[in-house]
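Remarks on the overall topology
The residues making up each chain are set out below.
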Amino acid sequence: VVLTTTPNIINGIVTDTMGNYLEGVIVVTHDKDGLPVRALKTNKLGQFLAATPLGNGIYTLSLEKDSLNFDVLQIDLDGSVLPPIKISAKKGAPVA
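Described below are features of the structure shown in this document. Computed from a prediction, not measured in an experiment: that's the story for all the values here.

1. Quick notes on the sheet that holds strand β1 (residues 11-15)
Taken together, three strands build an open sheet; the order of strands is β4-β1-β7 and the sheet is mixed. The open sheet has two free edges, formed respectively by β4 (47-49) and β7 (85-88), since each of these has just one partner strand. The average undirected angle you get between the axes of adjacent strands in this sheet is 25°. Here three bridges tie β1 to β4, and the two strands are oriented antiparallel to one another. Residue pairing for β4: isoleucine 13 is matched across the bridge by glutamine 47.

Right, dumping it as structure tokens:
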């Protein structure tokens, strides 16, 4: 699945532990100083897509949805098209 052809656009798909798409997950992108630079919400297909590109550099993604738990991810943007990031809730996390 290709969500964008624009370089440095944060995009991805979020699922639960069973692989089902999760709607309404808040995806926050933080810069190297820990400051939030984007906040996105997944659609009915679990997809999120930023409208504008970020500058080159290292960013972290944190996700929030009810009582689900997700790993914090680190991405390095370098001016290339970012393939969709596939993120799943952690196993053993309570399902809301």
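2. Re the side chain of asparagine 11
In this structure, asparagine 11 sits in strand β1. The class of asparagine 11 is buried, set by a relative accessible area of 0%. Within polar-contact distance, the side chain of asparagine 11 engages the backbone oxygen of leucine 82 at 3.0 Å.

3. With respect to the sheet that holds strand β6 (residues 73-77)
Strands sit in the order β3-β2-β5-β6 across an open sheet of four strands; the sheet is antiparallel. The open sheet terminates on both sides in strands that have one partner only, identified here as β3 (36-41) and β6. Each adjacent strand pair in this sheet contributes to an overall mean axis angle of 25°, direction not counted.

4. Here's the deal with the environment of glycine 34
For glycine 34, the position within the fold is in the loop between β2 (26-30) and β3. In this structure glycine 34 comes out as partly exposed when scored by relative accessible area, which is 43%.

5. Considerations on the pairing of β1
Across the five residues that make up β1, a large majority, five, are buried. Neither face of β1 is open: one carries Asn11, Ile13 and Thr15, the other Gly12 and Val14, and all of them are buried. The pairing of β1 with β7 spans four bridges and is classified as parallel. Within β7, the position partnered with glycine 12 by the bridge is isoleucine 85.

6. Some words on the environment of phenylalanine 70
Looking at where phenylalanine 70 falls in the secondary structure, it is placed in the loop between β5 (57-64) and β6. Taking the C-alpha atoms as reference, phenylalanine 70 lies 5.5 Å from lysine 90; in sequence the two are 20 residues apart. Look past the residues within four positions of phenylalanine 70 in its chain and what remains in contact with it is Val14, Thr15, Leu22, Val25, Leu63, Lys65, Ile87, Ser88, Ala89 and Lys90.

7. Quick word on the pattern of salt bridges
Scanning all chains against the criterion turns up three salt bridges. Among the ionic pairs, aspartate 66 bridges to lysine 65, the shortest N-O distance being 3.7 Å. According to the relative accessible area criterion, aspartate 66 is exposed, its value standing at 61%. The salt bridge partner of aspartate 71 is lysine 90, with a shortest N-O separation of 3.4 Å.

Definitions and cut-offs
Residues numbered from 1 in each chain as written. Predicted model: local features only at pLDDT ≥ 70, side-chain atom pairs only at ≥ 80, totals over all residues. Heavy atoms only, no water. Pairing = 2+ DSSP bridges. Helix = DSSP H or I, 4+ residues; strand = E, 2+ residues; numbered from the N terminus. Axes fitted to C-alpha atoms, helices over the stretch in contact; angles between N-to-C directions. Buried < 20%, exposed > 50% of the residue type's maximum accessible area, 1.4 Å probe, protein only. Polar contact = N/O pair within 3.5 Å; in protein donor to acceptor, adjacent residues only side chain to side chain. Contact = heavy atoms within 4.5 Å. Salt bridge = Lys/Arg side-chain N within 4 Å of Asp/Glu carboxyl O.

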